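Descriptive structure summary
Letter by letter, the chains look like this.
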Amino acid sequence: MSSLHLDAEALYAELAAGVRGLLQPDSVIVGIWSGGAWLAERLQRDLKLPGEHGVISSALHRDDFGSRGLTAGADHTRLPFDVNGRPILLIDDVLYTGRTIRAVVNELFDFGRPASVTLAVLVDRGGRELPVAAAYSAVRMTLPREQRLRLARADDGRFSFDIQPGA
């Protein structure tokens, strides 16, 4: 286990402030299953935004679908609003290679054509394989390629990070 310690609650507060600055009139928040969905749910509540947040899964559009198969998040896309012409604020916990973002943007466009898609993340860990960048990240850091950073949510809703050695 790594000695790295990230305060997920402090980073969440920074993310909330950054997201507030990215919101446009008629924006909707869409969280990527599962860590991004948890963040989106809490942001919707804490920022007192009207309506509901959306949740989107990358499972059906992943470029490694053949090797991973259908994952548990495959049926989790829920967009309780029309995406056509709307500014979408996409929320994720950890941005790494960019492949999940590519997959969820493909999934999003299966539902319509948004006016714009803006990405905000809790942690940008670098290591991009695709030309994807977040408009806002609470922290940018570098982790060894073999380490995994995963957001966890306690029963009381508080966030923490789980840092695991890679497989």
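Residues numbered from 1 in each chain as written. Predicted model: local features only at pLDDT ≥ 70, side-chain atom pairs only at ≥ 80, totals over all residues. Heavy atoms only, no water.

Pairs of aromatic rings are described using the distance from one ring centre to the other and the angle between the two planes. Using the criterion set out here, one finds 1 aromatic pair in the structure. Note on Y12 and F159: the rings are 5.7 Å apart at their centroids and 50 degrees apart in plane angle, and the pair reads as tilted. Here Y12 is found in helix α1 (residues 8-22), whereas its partner F159 is found in strand β7 (residues 159-165), with 147 residues between them in sequence. For Y12, a relative accessible area of 4% gives the class buried. Under the relative-accessibility criterion, F159 is labelled buried at 6%. One Lys or Arg, R42, reaches over the ring of Y12 and ends 4.1 Å from the middle of that ring. Cation over ring: R125 sits above Y96, and NZ or CZ is 3.9 Å from the ring centre. (Phe/Tyr/Trp six-rings, centres within 6.5 Å; stacked < 30°, edge-to-face > 60°. Helix = DSSP H or I, 4+ residues; strand = E, 2+ residues; numbered from the N terminus. Buried < 20%, exposed > 50% of the residue type's maximum accessible area, 1.4 Å probe, protein only. Lys NZ or Arg CZ within 6 Å of the ring centre and 35° of its normal.)

In this section: the pattern of salt bridges. Going through the model one piece at a time under the given rule, you end up with 12 salt bridges. Of the charged contacts in the structure, one is a salt bridge between R128 and D124, with a shortest N-O distance of 2.8 Å. Here R128 falls in the partly exposed class, since its relative accessible area comes to 26%. By relative accessible area, D124 is classed as buried at 7%. (Salt bridge = Lys/Arg side-chain N within 4 Å of Asp/Glu carboxyl O.)

Here we come to empty space enclosed by the protein. As enumerated under the stated definition, the model contains 1 cavity of 30 Å³ or more in all. There is about 40 Å³ of room inside the largest cavity. Forming the boundary of the largest cavity are L22, L23, Q24, S27, P87, I88, L89, S116 and T118. Here the lining of the largest cavity gets 3 residues from one element, more than from any other, and that element is strand β3 (residues 87-95). Tallied by class, the residues present in the lining of the largest cavity amount to 5 nonpolar, 4 polar and no charged. (1 Å grid on protein atoms, 1.4 Å probe; cavity = no way out; pocket = protein on both sides within 12 Å on 5 of 7 lines; lining within 4 Å. Points joined across faces, edges and corners; volume = space filled by probe spheres on them. Nonpolar A, V, L, I, M, F, W, Y, C, P; charged D, E, K, R; others polar.)

Counting buried positions over the 9 residues of strand β4 (residues 116-124) gives 7, a clear majority of the element. Here β3 runs beside β4; their pairing, made up of 8 bridges, is parallel. Looking at the pairing, P87 lines up with S116 of β4. Read as a crossover between parallel neighbours, the route from β3 over helix α4 (residues 99-109) to β4 is right-handed. Relative to strand β5 (residues 136-140), β4 is paired through 4 bridges, and the arrangement is parallel. In the sheet register, V121 faces β5, and the bridge partner there is S137. (Pairing = 2+ DSSP bridges. Right-handed = clockwise from strand over helix to strand, strands pointing away.)

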